Number of protein chains: 2
Amino acid sequence: MSGDSAIWIDGAPSRALPLPDRGLDFGDGLFETLLLRGGEPLYPKLHLARLQRGIRALAFPDSHEMVCKRLDAACAEIRARGWRWSALRLTLTRGAGPRGYAPPTAAVPRIIVAATDLGEAPAHLASPAAVGMASVRWPTQPALAGLKHLNRLEQVLAAREYRQAGLDEAVMLDQRGGVVSVVAGNLFLVLNGQLLTAPLDSCGIAGTRRELIMRRWAPATGLTVREANLTMTLLESAEEVFFSNSLLGLRPVGRCGKRAWRSHVTCEKLFRRYQDDLA
Amino acid sequence: MSGDSAIWIDGAPSRALPLPDRGLDFGDGLFETLLLRGGEPLYPKLHLARLQRGIRALAFPDSHEMVCKRLDAACAEIRARGWRWSALRLTLTRGAGPRGYAPPTAAVPRIIVAATDLGEAPAHLASPAAVGMASVRWPTQPALAGLKHLNRLEQVLAAREYRQAGLDEAVMLDQRGGVVSVVAGNLFLVLNGQLLTAPLDSCGIAGTRRELIMRRWAPATGLTVREANLTMTLLESAEEVFFSNSLLGLRPVGRCGKRAWRSHVTCEKLFRRYQDDLA
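Residues numbered from 1 in each chain as written. Chains lettered and ligands numbered in written order. Predicted model: local features only at pLDDT ≥ 70, side-chain atom pairs only at ≥ 80, totals over all residues.

1. Observations regarding the domain arrangement of chain A
All names here are of chain A.
- Under the domain assignment, chain A is made up of domain 1 (5–119) and domain 2 (129–278).
- Spacing between the C-alpha centres of domain 1 and domain 2 amounts to 25 Å.
- The interface is formed by 17 residues belonging to domain 1 together with 12 residues belonging to domain 2.
- Looking at the side of domain 1 that touches domain 2, the elements with two or more residues in it are strand 4 (29–37) and helix 2 (44–57).
- Here the side of domain 1 that touches domain 2 gets 7 residues from one element, more than from any other, and that element is strand 4.
- Each residue belonging to the side of domain 1 that touches domain 2 can be placed in one class, and the counts come to 8 nonpolar, 6 polar and 3 charged. (Domains from an automatic or database assignment. Contact = placed C-beta atoms within 7 Å. Helix = DSSP H or I, 4+ residues; strand = E, 2+ residues; numbered from the N terminus. Nonpolar A, V, L, I, M, F, W, Y, C, P; charged D, E, K, R; others polar.)

2. Focus: the packing of helix 5 (residues 208–220) of chain B against helix 7 (residues 265–278) of chain B
Residues and elements named next belong to chain B.
- Taken N-terminus to C-terminus, the directions of helix 5 and helix 7 make an angle of 105 degrees; their axes are 9 Å apart at the nearest point. As far as their axial angle goes, helix 7 and helix 5 are roughly perpendicular. Here Ile213, Trp217, Ala218 and Ala220 of helix 5 come into contact with helix 7, specifically with Leu270, Arg273 and Tyr274.
- Within the contact of helix 5 with helix 7, the residues separate by chemical class into 6 nonpolar, no polar and 1 charged. (Axes fitted to C-alpha atoms, helices over the stretch in contact; angles between N-to-C directions. Parallel < 35°, antiparallel > 145°, perpendicular 65-115°, else oblique.)

3. Things to note about the relation of the copies chain B and chain A
- When chain B is brought onto chain A, the operation consists of a screw motion whose angular component is 180 degrees and whose axial shift is 0.0 Å, with 0.0 Å RMSD remaining. The superposition of one copy onto the other is thereby described by a two-fold rotation axis.
- A share of 100% of interface residues in chain B that are also interface residues in chain A marks the association as one of identical surfaces. (Least-squares fit on C-alpha atoms with pLDDT ≥ 70 in both.)

4. Structural notes on unusual backbone geometry
All names here are of chain A.
- Backbone torsion omega between Leu19 and Pro20 reads 0 degrees, so that peptide bond is classified as cis.
- Topologically, Pro20 is positioned in the loop between strand 3 (16–18) and helix 1 (22–26).
- For Asp10, which is not glycine, the phi dihedral falls at a positive 45 degrees.
- When you line up the elements, Asp10 lands in the loop between strand 1 (5–9) and strand 2 (12–13).
- With a phi angle near 60 degrees, Leu200 is a residue other than glycine that sits in the positive phi range.

5. Comments concerning the sheet that holds strand 4 of chain A
All names here are of chain A.
- The strand order across the open sheet built from 6 strands is 2-1-7-6-4-5, with neighbouring strands paired in antiparallel fashion. Looking along the sheet, the strands with just one partner apiece sit at the ends: strand 2 and strand 5 (40–41).
- Bridge count between strand 1 and strand 7 (residues 110–119): 5 bridges; the pairing is antiparallel. Considered in strand 7, the bridge of Ile7 is made with Ala114.
- Sheet strands touched by helix 2: strand 4, strand 5 and strand 6 (85–93). Its angle to strand 4, the strand with the most contacts, is close to 180 degrees. (Pairing = 2+ DSSP bridges.)

Structure follows, in structure tokens:
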């Protein structure tokens with residue numbers, strides 16, 4: 001049933017995290033949100049590659065094999081339950097540790113897999129999003145930029161704000177006022193027929209669908225993509241704006257503040273490539 | 001027995017956190033580390049005031065009363081156990097929530113109290129610390145600066161590094177190379193007989209002992225304290241350097257890189273004020 005959920009901790013069904021856990025104490029961990037069709041994760045290699053980058057950056061013990069094992073086991077369970085489409089969040093923490101910031105020299109990472117039945121996923125593009133401006137900005141942190149770690153307070157605050165305003169999403173800026181992303185997705189502008197997206201060298205999360213757009217879907221539709229420092233002026237002058245994430249794939253932006261967009265042809269084209277990929 | 005520990009979740013003894021919890025998922029929470037003598041917390045008002053600032057900044061439901069209740073109950077337990085000195089970590093998370101960054105409109109915060117028996121705390125000043133330079137810098141984030149929230153990856157990475165180097169602590173810089181703090185404490189320089197400390201307007205944690213030094217202990221010993229943008233050049237030219245945190249009170253810096261300090265008279269003076277406070 002859509003909305004059903006399941007959680008496994010280190011492979012066992014459980015809804016109780018053993019404490020202490022450094023993921024809770026310090027956000028000392030990483031996560032990935034995967035979309036599953038019939039219990040099969042989409043683009044698992046891209047998710048695992050980003051997780052691996054995080055594992056290296058945070059100096060976690062090599063956990064690749066165990067992560068794959070836990071992911072496979074959860075997917076098998078989901079297939080057994082017959083969930084058509086599901087969202088799976090895999091969280092990797094540094095596990096237990098003594099009091100204090102310093103991690104134990106021999107940390108034993110913990111893997112938490114939480115899955116939710118989404119029922120039937122629509123095969124068509126989501127409706128154009130009404131987008132606001134987040135008043136909280138991304139923190140400047142080149143050492144962790146691009147990674148999907150557990151320190152996500154800015155996105156929590158920004159999501160709270162756009163929900164309260166009755167909006168679908170919000171544009172998040174960096175500390176200098178540059179346009180980076182939305183709260184739960186990477187942002188793309190279409191300018192003179194070219195795709196532009198933020199470089200994510202000092203903040204933000206490098207999404208798997210961002211990578212697919214840049215390396216696969218845009219080239220396949222004859223579009224060029226370029227990383228560029230984006231501004232609000234640039235966004236407002238864009239012919240088209242959309243964002244990407246693992247659950248929606250792509251979603252057009254219908255309006256941001258006073259600026260509205262009617263045409264979403266580029267986003268529609270890329271979404272068709274994505275659907276072709278899935279077929 | 002020193003090293004003994006206890007954990008309470010929402011008032012009940014437990015070492016299993018119900019999932020989902022937004023503290024784990026996004027670092028959506030706050031914490032305080034209090035020093036207790038005979039089960040009595042030192043300076044609880046300062047800790048609760050900082051927690052309250054965090055509660056407002058993160059737009060948590062007002063939790064003051066419940067926090068006080070849980071803290072009181074844990075302290076009573078610790079007194080019953082006869083622990084002489086103990087460290088108590090109080091963690092407040094936004095509790096459960098549906099998938100995604102947006103917090104539920106009616107969040108029910110969760111309070112986790114973890115206490116550790118420290119045995120006998122030394123009544124004398126800790127030995128001068130050997131301090132390194134953290135290669136990871138504080139993130140720039142004025143919206144959360146000063147608060148003790150759960151997003152603490154930079155300190156985890158810096159603590160790992162100084163431990164591996166066999167050091168006691170490390171100086172952490174901001175993104176522009178300014179001197180901010182050590183990993184687990186606020187930093188003070190003595191320059192021309194005056195105390196200087198970083199303003200913490202774009203990063204760092206505003207410590208309770210920092211506040212006590214600035215408002216109470218330094219004035220009581222005839223010292224002036226000033227917030228100033230600190231540099232490594234300034235640190236190296238300081239007559240004395242020390243740091244403060246809730247568990248140690250104050251600790252002198254014996255060396256940082258090639259620079260060594262023999263005199264710790266100011267730190268000793270302030271530590272005596274602290275001891276007088278406790279007497």
